[in-house]
Number of protein chains: 2
Amino acid sequence: MLLTNQDIKELEKVKRLNIINSITGIKPANLVGTKSASGQTNLAIISSVVHLGSNPALIGFIMRPTGTVPRHTYENIKETGVYTINHVHESFIKQAHYTSAKFDREESEFNAVKLTEEYFDSCTAPFVKESQLKMSLSLVEEVSIKINGTIMLIGEIQQLIIPDEVITEEGHIDLSKLKTAGISGLNSYYGLTHLDTFPYARKEELPDF
Amino acid sequence: MLLTNQDIKELEKVKRLNIINSITGIKPANLVGTKSASGQTNLAIISSVVHLGSNPALIGFIMRPTGTVPRHTYENIKETGVYTINHVHESFIKQAHYTSAKFDREESEFNAVKLTEEYFDSCTAPFVKESQLKMSLSLVEEVSIKINGTIMLIGEIQQLIIPDEVITEEGHIDLSKLKTAGISGLNSYYGLTHLDTFPYARKEELPDF
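Summarised in this report is the structure supplied together with it. Every chain's residues receive numbers from 1 upward, in the order its sequence appears when written. The lettering of chains begins at A and the numbering of ligands begins at 1, in the order of writing. It should be noted that, the model being predicted, local features are given only for residues of pLDDT at least 70 and side-chain atom pairs only at 80 or more, the latter also being counted only at that level, while totals for whole chains, interfaces and linings use all residues. Water and hydrogen atoms play no part in the side-chain values, which are based on all heavy atoms of the structure.

## As for the overall build of chain A
Threshold: Counting from the N terminus, the helices are the DSSP runs of H or I reaching at least four residues and the strands are the DSSP runs of E reaching at least two. Both definitions apply: the radius of gyration is a C-alpha atom measure, and the globule rule equals 2.2 Å times residues to the power 0.38. Whether two residues are in contact is decided by their heavy atoms: any pair within 4.5 Å suffices. The Shrake-Rupley method, run with a 1.4 Å probe sphere, supplies the accessible areas, and residue values consider only the shown protein chains as cover. The charged-residue count follows a simple rule in which Lys and Arg add positive charge and Asp and Glu add negative charge, with His and chain termini not counted at all. Charge placement uses NZ in Lys and CZ in Arg. For Asp and Glu, CG and CD serve respectively.
Check the secondary structure of chain A and you find six helices and 13 strands. Relative to the compact-globule value of 17 Å for 209 residues, chain A shows a C-alpha radius of gyration of 18 Å, a close match. Its C-alpha atoms give chain A principal-axis dimensions of about 60 × 50 × 30 Å. Partitioning the intrachain contacts of chain A with sequence separation of at least 6 by distance along the chain shows that 61% fall at a separation of at least 24. When the accessible surface of chain A is totalled, it reaches about 8100 Å², and 49% of it is carbon and sulfur. Within chain A, one finds 20 positive and 26 negative side-chain charges whose respective centroids are separated by 8 Å.

Structure (structure tokens):
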């Protein structure tokens, strides 16, 4: 089917949410861990993490500060300036998904979904112990998207934890071996199978197609 | 292993690129199609497409306007205000990857990698015929990321093409059936297998974990 801009506007709201959240393709499944200045932890699933640069190592993610669920995450990041991003593996997609329920400020999603807080060095933000690839970040820029009031939070990586057995000498990471999950739309979870790895592309070295 | 911010800065450049491009998890594989005002087409693989909102339907992607490869894409979008985003399926990951070679301005990646231009209605930007899920967008906002000079281009969907057989009545799209691919790092491609779909999460209806 071909939907025009007007057709999309006229879709039933939930159907439109499902469709437009699905059409970008597979999204990375990550949990963002935070702690308020008063010590209350929070954990939220996010599917909008995006690489912004490698030197310095910058990672962004999108949120609506006015939404009920990510608001605690946003407030905690603004209060403390630090947060963690943790891969969601196939073994705990259900727990990860249910962090999106609307818990009260004083309820920690860690307890509610039975995931475990973990801390490294002086970082005050909680990591997810069950996650094998995870990082802490310090907030370095907040970008306002005027057209619909969303924001992108940008962090610089402070600590990065990668299991030795999934990374090659060249720095390639095997997501199949990690059993990291992907997300489609708002509530569908996918496993990953490595298909192929190609060399750096040069036009003088094009293969046969 | 645990890498600190300083450890990351001291990594060899290519290894750092590979690592930091991989740690966000799986990334969506899409091709962006553009045409210059003078009629030259361009096609570029992008892994940073992100959902920004459903009403209006807004999609963003990240680029470095100073890079050689995406520069033609950026110039064409600025000239014409329109572009397409096309899912990369497993059947043409190799062609899609090699659009990242540095072709000259007057060379079309469509010809070089043997993918086929397709047009709908009055949209001047080329779609990828081999792609089954694709959309055209009009540029609505350009966001500057100060800390490293990257930009996010935001488009509003004008046309959206989805095969009838992969979408449910509720608007869920089956990426396994579509055989849409994911990307890890700069050059590894992954297939997707549906694991599970969970209901909208309510704290009164938590399942057993």
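## Here we look at the interface of chain A and chain B
Note the threshold: Note: buried area is the sum, over both parts, of the accessible area (probe 1.4 Å) each one loses when the two are combined. Salt bridge criterion: a side-chain nitrogen from Lys or Arg within 4 Å of a carboxyl oxygen from Asp or Glu. Counted as a polar contact is a pair of N or O atoms within 3.5 Å, where, for protein atoms, one must be capable of donating a hydrogen and the other of accepting one, and residues adjacent in sequence contribute only when both atoms are in side chains. Each residue gets one of three labels, nonpolar for Ala, Val, Leu, Ile, Met, Phe, Trp, Tyr, Cys and Pro, charged for Asp, Glu, Lys and Arg, and polar for the others, Gly among them.
At the interface, 109 residues of chain A touch 108 residues of chain B. Between chain A and chain B the total buried area reaches about 9700 Å² when both faces are included, carbon and sulfur atoms providing 62% of it. Taken together, the connections running from chain A to chain B amount to eight salt bridges. Here chain A and chain B share 56 residue pairs in polar contact (both at pLDDT 80 or more) between them. Examining the composition of the side of chain A that touches chain B, we find that ten residues originate from one element, strand β13 (residues 188–197) of chain A, more than from any other. Looking at the side of chain A that touches chain B residue by residue, the class counts come to 52 nonpolar, 34 polar and 23 charged.

## Some words on the relation of the copies chain A and chain B
Applicable threshold: To superpose the copies, least squares is applied to the C-alpha atoms of every residue with a pLDDT of at least 70 in both.
In screw terms, the move from chain A to chain B is a rotation of 180° and a rise of 0.0 Å along the axis, fitting with an RMSD of 0.0 Å. The transformation relating the two chain copies, once decomposed into turn and shift, fits a two-fold axis. Taking the C-alpha atom as reference, chain A places Leu192 of chain A closest to the rotation axis, 2.6 Å from it. Same-surface contact between copies: 99% of interface residues of chain A are shared with the interface of chain B.

## Brief notes about the environment of Ser136 of chain B
Residues and elements named next belong to chain B. Put simply, the rule reads: Using a 1.4 Å probe on the protein chains alone, a residue whose accessible area is under 20% of its type maximum counts as buried, one over 50% counts as exposed, and one in between counts as partly exposed.
Structurally, Ser136 can be placed in strand β10 (residues 134–144). Classification of Ser136 as buried rests on a relative accessible area of 3%. Sequence separation between Ser136 and Asp196 is 60 residues, and the spatial gap between their C-alpha atoms is 30 Å. In contact with Ser136, other than residues within four places in its own chain, are Tyr83, Thr84, Cys123, Phe127, Glu156, Ile157, Gln158 and Gln159. A polar atom in the side chain of Ser136 sits 2.8 Å from the side chain of Gln159.

## Quick word on the pattern of salt bridges
Overall, the coordinates contain 20 salt bridges over all chains when judged by the stated rule. Of the charged contacts in the structure, one is a salt bridge between Asp104 of chain A and Lys203 of chain B, with a shortest N-O distance of 3.4 Å. Here Lys203 of chain B lies in the segment after β13 (188–197) and Asp104 of chain A lies in the loop between α4 (93–98) and α5 (109–113), a pairing that spans two chains. The exposure class of Asp104 of chain A is partly exposed, given its relative accessible area of 35%. By sharing partners, the salt bridges in this structure join Arg71, Glu75, Glu79 and Arg105 of chain A into a single network.

## Let's talk about the sheet that holds strand β2 (residues 27–28) of chain A
Across a sheet, strands are paired by hydrogen bonds formed along the backbone, either parallel or antiparallel in direction. To keep things clear, this is the line we draw: The criterion for strand pairing is that DSSP finds at least two bridges linking the strands in question.
Across the sheet, which stays open at both edges, the six strands sit in the order β2(A)-β12(A)-β13(A)-β13(B)-β12(B)-β2(B) with antiparallel pairing between neighbours. Each end of this open sheet is capped by a strand with a single partner; those strands are β2 of chain A together with β2 (27–28) of chain B. Bridging between β13 of chain A and β13 of chain B involves nine bridges; their strand directions are antiparallel. Of the residues in β13 of chain B, the one forming a bridge with His194 of chain A is Tyr190 of chain B.

## Things to note about helix α2 (residues 13–22) of chain B
Of the positions making up α2 of chain B, those classed as buried are Arg16, Asn18, Ile19, Ile20, Asn21 and Ser22 of chain B. At the N-terminal boundary of α2 of chain B, the capping side chain belongs to Glu12 of chain B, with an oxygen 3.1 Å from the backbone nitrogen of Val14 of chain B.

## Considering the side chain of Thr150 of chain A
Mapped onto the secondary structure, Thr150 of chain A falls in the loop between β10 (134–144) and β11 (151–161). At a separation of 2.9 Å, a polar atom in the side chain of Thr150 of chain A contacts the side chain of Asn148 of chain A. Not counting residues within four places of it along the chain, the set of residues in contact with Thr150 of chain A comprises Ile62, Met63, Arg64, Val143, Ser144 and Ile145 of chain A together with Leu52 of chain B.

As far as function goes, none of this settles anything; it's purely spatial.
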